[in-house]
Amino acid sequence: MNIPADLKYTQDHEWVRVEGDVAVVGVTDFAQGELGDIVFVEIETEGEELDKGETFGTVEAVKTVSDLFMPVGGEVAEFNEALADDPELVNKDPYGEGWMIKIKIADAAQLDELMDAEAYKAMIEA
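What you see is a predicted model, and the numbers here were worked out from it, not measured in a lab. (Residues numbered from 1 in each chain as written. Predicted model: local features only at pLDDT ≥ 70, side-chain atom pairs only at ≥ 80, totals over all residues. Heavy atoms only, no water.)

## Some remarks on the nonpolar core
The biggest cluster of nonpolar side chains holds 27 residues, and the ones touching the most others in it are Val41, Ile43, Phe56, Met100 and Ile101. Secondary-structure elements contributing two or more residues to this core are β3 (22-27), α1 (29-35), β4 (38-42), β6 (55-61), β8 (74-79), α3 (89-92) and β9 (101-105). Setting aside residues no more than four positions away along its own chain, Val41 makes contact with Thr58, Val59, Phe79, Leu83, Pro87, Val90 and Met100. Of all hydrophobic cores here, the second largest spans 11 residues; its members include Leu7, Tyr9, Trp15 and Met115. (Core = buried A, V, L, I, M, F, W, Y, C linked by side-chain atoms within 4.5 Å. Buried < 20%, exposed > 50% of the residue type's maximum accessible area, 1.4 Å probe, protein only. Helix = DSSP H or I, 4+ residues; strand = E, 2+ residues; numbered from the N terminus. Contact = heavy atoms within 4.5 Å.)

Structure below.
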């Protein structure tokens, strides 16, 4: 299982890559594996200011629909439009082309509340 060391993680299986004052967010390799084949990603919150923990969208797999949660508060600045036509990118490349949103971070201190790769690995193996 792929758990990149340079990312931060949530208990809800989102990953965060910080690029300046922007957080790039997607779902982890573990999460996409548990969901199975992803057939649809719905994110209608672009341009909205959301708090940490609020739902920013949903991901639909053959088996289930799961909510996606904000790892940090801020404005949903961008949605990965490629997922509209090719939601399987989340399965194929969850940490690269399968990213979901970019957030303009409102409070960088919230990043400190996220897990590092070792803590995330320990959580999913528990």
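## Comments concerning the packing of aromatic side chains
This structure, assessed with the given rule, holds 2 aromatic pairs. With a centroid separation of 4.8 Å and an interplanar angle of 15 degrees, the aromatic rings of Tyr9 and Tyr120 are classed as stacked. Highlighted residues: Tyr9 in strand β1 (residues 8-9) and Tyr120 in helix α4 (residues 117-125), separated in sequence by 111 residues. Across this residue pair, the class does not change: Tyr9 and Tyr120 are buried. Note on Trp15 and Tyr95: the rings are 5.8 Å apart at their centroids and 55 degrees apart in plane angle, and the pair reads as tilted. Residue Trp15 is located in strand β2 (residues 14-19), and its partner Tyr95 is located in the loop between α3 and β9; the two are separated by 80 residues in the primary sequence. In this structure, Trp15 and Tyr95 share a single accessibility class: buried. (Phe/Tyr/Trp six-rings, centres within 6.5 Å; stacked < 30°, edge-to-face > 60°.)

## Topic: the sheet that holds β1
Within the open sheet, the 6 strands sit side by side as β1-β2-β3-β9-β8-β5. Their pairing is antiparallel. The open sheet has two edge strands with one neighbour each: β1 and β5 (49-50). Bridge count between β8 and β9: 5 bridges; the pairing is antiparallel. Counterpart to Glu75 in the pairing with β9 is Lys104. (Pairing = 2+ DSSP bridges.)

## Description of a negative patch on the surface
A contiguous patch of negative charge, built from Glu48, Glu49, Asp51 and Glu54, is present on the exposed surface. Considering the arrangement of structural elements, one finds Glu54 in the loop between β5 and β6. Taking the relative accessible area as the measure of exposure, Glu54 reaches 34% and is therefore partly exposed. (Patch = residues over 30% accessible without salt bridge, like charges linked within 9 Å, V, L, I, M, F, W, Y side chains within 5 Å. Areas by Shrake-Rupley, 256 points an atom, 1.4 Å probe, with all protein chains shown as cover. Salt bridge = Lys/Arg side-chain N within 4 Å of Asp/Glu carboxyl O. Lys, Arg positive; Asp, Glu negative; His and termini not counted. Charge placed at Lys NZ, Arg CZ, Asp CG, Glu CD.)

## Details of the sheet that holds strand β7 (residues 65-69)
An order of β4-β6-β7 is seen for the 3 strands of this open sheet, with the pairing classed as antiparallel. Looking at which strands have only one partner, the edges of the open sheet turn out to be β4 and β7. Taking each pair of neighbouring strands and ignoring which way they run, the sheet shows an average axis angle of 25 degrees. With 5 bridges joining them, β6 and β7 adopt antiparallel strand pairing. Residue pairing for β7: Thr55 is matched across the bridge by Phe69. (Axes fitted to C-alpha atoms, helices over the stretch in contact; angles between N-to-C directions.)

## Some remarks on the pattern of salt bridges
Enumeration over the complete set of coordinates arrives at 4 salt bridges. A salt bridge links Glu113 to Lys52, with the nearest nitrogen and oxygen atoms 2.4 Å apart. Of this pair, Glu113 sits in the loop between β9 and α4 while Lys52 sits in the loop between β5 and β6, and the two are 61 residues apart along the sequence. For the salt bridge of Glu78 with Lys102, the shortest nitrogen-to-oxygen distance reads 4.0 Å. Taken as a pair, Glu78 in strand β8 and Lys102 in strand β9 lie far apart in primary sequence, 24 residues in all.

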